[in-house]
Amino acid sequence: MPGPKYPGFDTLALHAGHTPDATFGARAVPIYATTSYVFRDSEHAASLFNMERAGHVYSRISNPTVAVLEERVAALEGGVGAIATASGQAALHLAVATLMDAGSHIVASNSLYGGSHNLLGYTLRRFGIETTFVDPREPENFRRALRDNTRLVFGETLGNPGLDVLDIPAVAAIAHNAGLPLLVDSTFTTPWLMKPFAHGADLLYHSATKFLGGHGVAIGGVLVDSGRFDWETSGKFPQLTEPYAGFHGMDFEEESGTRAFLLRARREGLRDFGACMAPMTAFQILQGIETLHLRMPRHIENTRKVVAFLAAHEMVDSVGYPELPTHPDHALAGRLLPRGAGAVFSFDMKGGREAGRRFIESLRVFSHLANVGDAKSLVIHPASTTHYRMSDADLEKAGIGPGTVRLSVGLEDADDLTEDLGRALAAAKRGLKAG
Amino acid sequence: MDFAVDGRKAFAYTAAHAIDAAKPTIAFVHGAGLDHSWFGLQSRYFGYHGFNVLAVDLPGHGRSEGPPLESVEAMAEWVVRLLDAAKIDRAALVGHSMGALTVLECAARHPGRVTRIALLGMAYPMKVSEAFLEAARRNEQAAYDMDTIWGHAPQVPLGANPNPGMWMYGDNLARLARLAPNVLYTGLKACNDYAGGEASAAKLDCPVLFLVGSRDLMTPPRVAAAFVKAFKSAQTVLLPPSGHSLMAEAPDATLDALIDFLSTGTTP
């Protein structure tokens, strides 16, 4: 007898987390533009504040529209729940602030989005949280950097901008052996390409600004918990396993082992740091998620055509895409990312910085800006934008050269994209000759 | 709060309150493969509203040391020994699914210790399909999938969770993933094997509440309705459109029904 069946990804992307409005029958997710919620009576109010009843009190803590997004992303990722935040950066900060205090230590991949590198390498250091950055290509590097005060292991599913594929099963095993959770930034892969929890990650977050929203109209983040990490057994997280004076002596792990992290993150992190998501933003990102399963295959299809075009072009020194046999993580990508290695990648042009400038300024379809994961194709020169605060040595460690160009391949006609790139590469070549 | 029962650590959630002999006590007993936090909202409410609460982790579940008990009768006796350890003479018992069978048996065996019982997600006989039992015996993922999908109303994966931002299926699967091998199987087999329901029901003189999810796939309303007749008297509250996981799917309605039932006639 066949067993019962879960709804498919496509169905969850459209329905999870939302019951059609009982009052007016609205099929779309309503935008609950309200700061607060009327209590039935004083007793009801007290019960909501004390977590004796489910519901909403104040939209910094939770909001019905935002809750739909949270539940939908949790469903797509296979988590116990999620918290939507003002940005992807706010999601990373919320995870860190929930898990540790001053004096703690993080081991992180050195192949990170520039903003994450800034937060971990500079800003959190001011608050007494240190990070050791390691080359993610060798998982043992994470183990070697562990200290007694380490509280988190962190990496990106696909490193930015070199597309290092994080060996999640290996790094998760190292983290778990040390009684630590593995957090991954899953922005580039989305749950359609990979579900990190299935490979051993414990926590993940998205910059929902990118592929989840998918249209470049809203900034947001989503932090998701697998509910699988045993905080009590680890013994390293008193924030979750001991009474918290800031919430009536609540022991979050005792309240619920599977929800402890999200309970504290919401009841302390959103309450006190306040980096919540606005309901309009949640609505916009939900519109994107409803077509995620349609957009991602097209992103991948277009990316493969663009990669093939560039790899064969005389003006291109190298293309860094994990599906190419020349990429150091080719085999790992085949194992962890069988549906595709994302739609953001970098290539190195001949001619260095000046050729890169000429190339970017000659493009017509690709837009030159600081974002990825849009339906429209995007281009940027990392050394002068996203990673400009990094030293040359750190840039080199992250695999970025002066002629490195990053593309985010959108949903246009692939022939128009390759034509645009061909024209711009020809312009760069003419510039070299003129020079 | 940790207790010692049969020489092993036994945990019961008390909503961060010390046991107070002057207060009435409610003990909550979870279903197969679950733990005290399945009653999270409801037990917390009573703990802050004048009751001692003992939301137990049965042996081998949650924070209580194992091994899991192999029969409903053994679980019923264990609950009484936990009350002894907590120095509680009389308590109202609230049970869900396997926990409902347990509190029924407990009330029949120890009428002097049990003031009233609330049976949530309850049917008798509580037969478990051969495919489910076999998958659980083999500790296969399929058993956890069946538990998750049949343990909630059909609309759950395509609807909103009353608890903001939480994904009910994911929470259930994460709980099951933490179980030691054979814990789910032992519980399911105990439910399947339990044969004392009608005799125990006929013995009861205490107030009985049935809380029934109208879309319960595991313990269907029609089976629950038939079993209600085995009691001298029992009150039934139907909670539409909940499935088997009433405390999560309809937390407020479940709490309101329990408040109505437990706030009268419950003495220390």
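Small disclaimer: the values here were computed from a predicted structure and weren't measured.

Novice: Describe the overall build of chain A, naming the residues involved and giving the relevant values.
Specialist: Looking only at helices and strands, chain A features 19 helices and 12 strands. Its C-alpha atoms give chain A a radius of gyration of 22 Å, near enough to 22 Å, the size a compact globule of 435 residues would have. The C-alpha extent of chain A, read off along each of the three principal axes, is 80 × 55 × 50 Å. Taking the intrachain contacts of chain A between residues at least 6 apart in sequence as the baseline, contacts between residues at least 24 apart amount to 72%. A total of about 16,300 Å² of accessible surface is found on chain A, and carbon and sulfur atoms cover 54% of it. Separation of charge centres in chain A, based on 41 positive and 48 negative side chains, amounts to 5 Å.

Novice: Outline empty space enclosed by the protein, supporting the account with residue identities and numerical values.
Specialist: Residue and element names in this part refer to chain A. Across all of its chains, the model carries 2 cavities of 30 Å³ or more by this definition. When its volume is computed, the largest cavity comes out at roughly 50 Å³. Lining the largest cavity we find Ser59, Arg60, Ile61, Ser62, Asn63, Val66, Glu70, Ala84, Arg266, Leu270, Cys276 and Met277. Broken down by secondary-structure element, the contributors of at least two residues to the lining of the largest cavity are α3 (64-77) and α13 (260-273). Of the residues that constitute the lining of the largest cavity, the class distribution is 6 nonpolar, 3 polar and 3 charged. Size it by volume and the second largest cavity reaches roughly 30 Å³. A breakdown of the residues in the lining of the second largest cavity according to their chemical character gives 3 nonpolar, 6 polar and no charged.

Novice: Tell me what's going on with the state of the cysteines, and back it up with residues and numbers.
Specialist: Residue and element names in this part refer to chain B. Scanning all chains against the criterion turns up 0 disulfides over all chains. Free cysteine: cysteine 191, not disulfide-bonded; nearest cysteine sulfur from cysteine 106 at 16 Å. For cysteine 191, a relative accessible area of 3% gives the class buried.

Novice: Tell me what's going on with the packing of aromatic side chains, and back it up with residues and numbers.
Specialist: All names here are of chain B. This model, assessed by the stated rule, comprises 21 aromatic pairs over all chains. Their ring planes at 75° and their centres at 6.3 Å tell us that phenylalanine 210 and phenylalanine 227 sit as a pair that is edge-to-face. Taken together, the residues phenylalanine 210 in strand β7 (residues 208-213) and phenylalanine 227 in helix α9 (residues 221-228) connect sequence positions 17 residues apart. Here phenylalanine 210 matches phenylalanine 227 in class, with each residue buried. In textbook terms, an aromatic cluster arises when at least three aromatic residues are bridged by ring pairs, as seen for Phe28, Phe39, Tyr45, Phe46 and Phe51. Taking NZ or CZ as reference, arginine 63 lies 5.1 Å from the ring centre of phenylalanine 11, over its face.

Novice: Which residues make up helix α19 (residues 414-434) of chain A, and what are the values?
Specialist: Residue and element names in this part refer to chain A. Between its first and last C-alpha atoms α19 spans 30 Å; for 21 residues at 1.5 Å apiece the expected length is 30 Å, and the two agree. Among all positions in α19, only Ala414, Leu417, Thr418, Asp420, Leu421, Gly422, Ala424, Leu425, Ala427, Ala428 and Gly431 are buried. Buried residues along α19 sit in contact with α15 (292-311), β8 (316-320), β9 (344-349), α17 (352-362) and β12 (404-408). Backbone nitrogen of aspartate 415 and a side-chain oxygen of the N-cap are separated by 2.8 Å at the start of α19; the cap is aspartate 413.

Novice: Tell me about the nonpolar core, residues and numbers included.
Specialist: Counting 131 residues, the largest nonpolar core has Leu69, Ile106, Leu310, Phe345, Phe347, Phe359 and Leu407 of chain A as the members making the most contacts within it. Top contributing element to this core by residue count: α3 of chain A, with 7 residues. Of all hydrophobic cores here, the second largest spans 64 residues; its members include Val5, Leu101, Cys106 and Ala136 of chain B.

Rules used in this analysis
- The residue numbering used here restarts from 1 in each chain and proceeds along that chain's sequence as written.
- Throughout, the order in which chains and ligands are written sets their labels, letters from A for the former and numbers from 1 for the latter.
- In keeping with the predicted nature of the model, local features appear solely for residues at pLDDT of at least 70, side-chain atom pairs appear and are counted solely at 80 or more, and the whole-chain, interface and lining totals rest on all residues.
- Side-chain measures were taken over the full set of non-hydrogen atoms in the model, leaving aside hydrogen atoms and water.
- By the criteria applied, helices consist of DSSP H or I runs no shorter than four residues and strands consist of E runs no shorter than two, each listed in order from the N terminus.
- Our radius of gyration looks at C-alpha atoms and nothing else; its globule reference is 2.2 Å times the residue count to the power 0.38.
- Throughout, a residue-residue contact means that at least one pair of heavy atoms, one from each residue, lies within 4.5 Å.
- Under the convention used here, a 1.4 Å probe and the Shrake-Rupley method define accessible areas, while residue burial counts only the protein chains that appear.
- Only four residue types enter the charge count: Lys and Arg as positive, Asp and Glu as negative, with His and the chain ends excluded.
- A charge is said to be at NZ when it belongs to Lys, at CZ for Arg, at CG for Asp and at CD for Glu.
- Using a 1 Å grid laid over the protein atoms alone, points where a 1.4 Å probe fits but cannot get out form a cavity; open sets with protein on both sides within 12 Å along at least 5 of 7 lines form a pocket; any residue with an atom within 4 Å of a point counts as lining.
- Grid points are joined across faces, edges and corners, and a volume is the space filled by probe spheres set on the points.
- For this scheme, ten residues count as nonpolar: Ala, Val, Leu, Ile, Met, Phe, Trp, Tyr, Cys and Pro. Four count as charged, namely Asp, Glu, Lys and Arg, and the remainder, Gly too, count as polar.
- Two cysteine sulfurs form what is called a disulfide whenever their separation falls within 2.5 Å.
- The buried label goes to any residue with under 20% of its type's maximum accessible area, the exposed label to any with over 50%, and the partly exposed label to all in between, with areas taken from a 1.4 Å probe on protein chains only.
- Stacked, tilted and edge-to-face are the three classes assigned to paired rings of Phe, Tyr and Trp, where Trp is represented by its six-membered ring and a pair needs centres within 6.5 Å; plane angles under 30 degrees give stacked, over 60 edge-to-face, the rest tilted.
- Lysine NZ or arginine CZ positioned within 6 Å of the ring centre and within 35 degrees of the ring normal marks a charge as sitting over the ring.
- The span you would expect from a helix comes to 1.5 Å times its residue count less one.
- Polar contacts here mean pairs of N or O atoms no more than 3.5 Å apart (in protein, one a potential hydrogen donor and the other a potential acceptor; neighbouring residues in sequence count only if both atoms are side-chain atoms).
- Nonpolar cores are built from buried Ala, Val, Leu, Ile, Met, Phe, Trp, Tyr and Cys residues. Side-chain atoms within 4.5 Å join them into one set.

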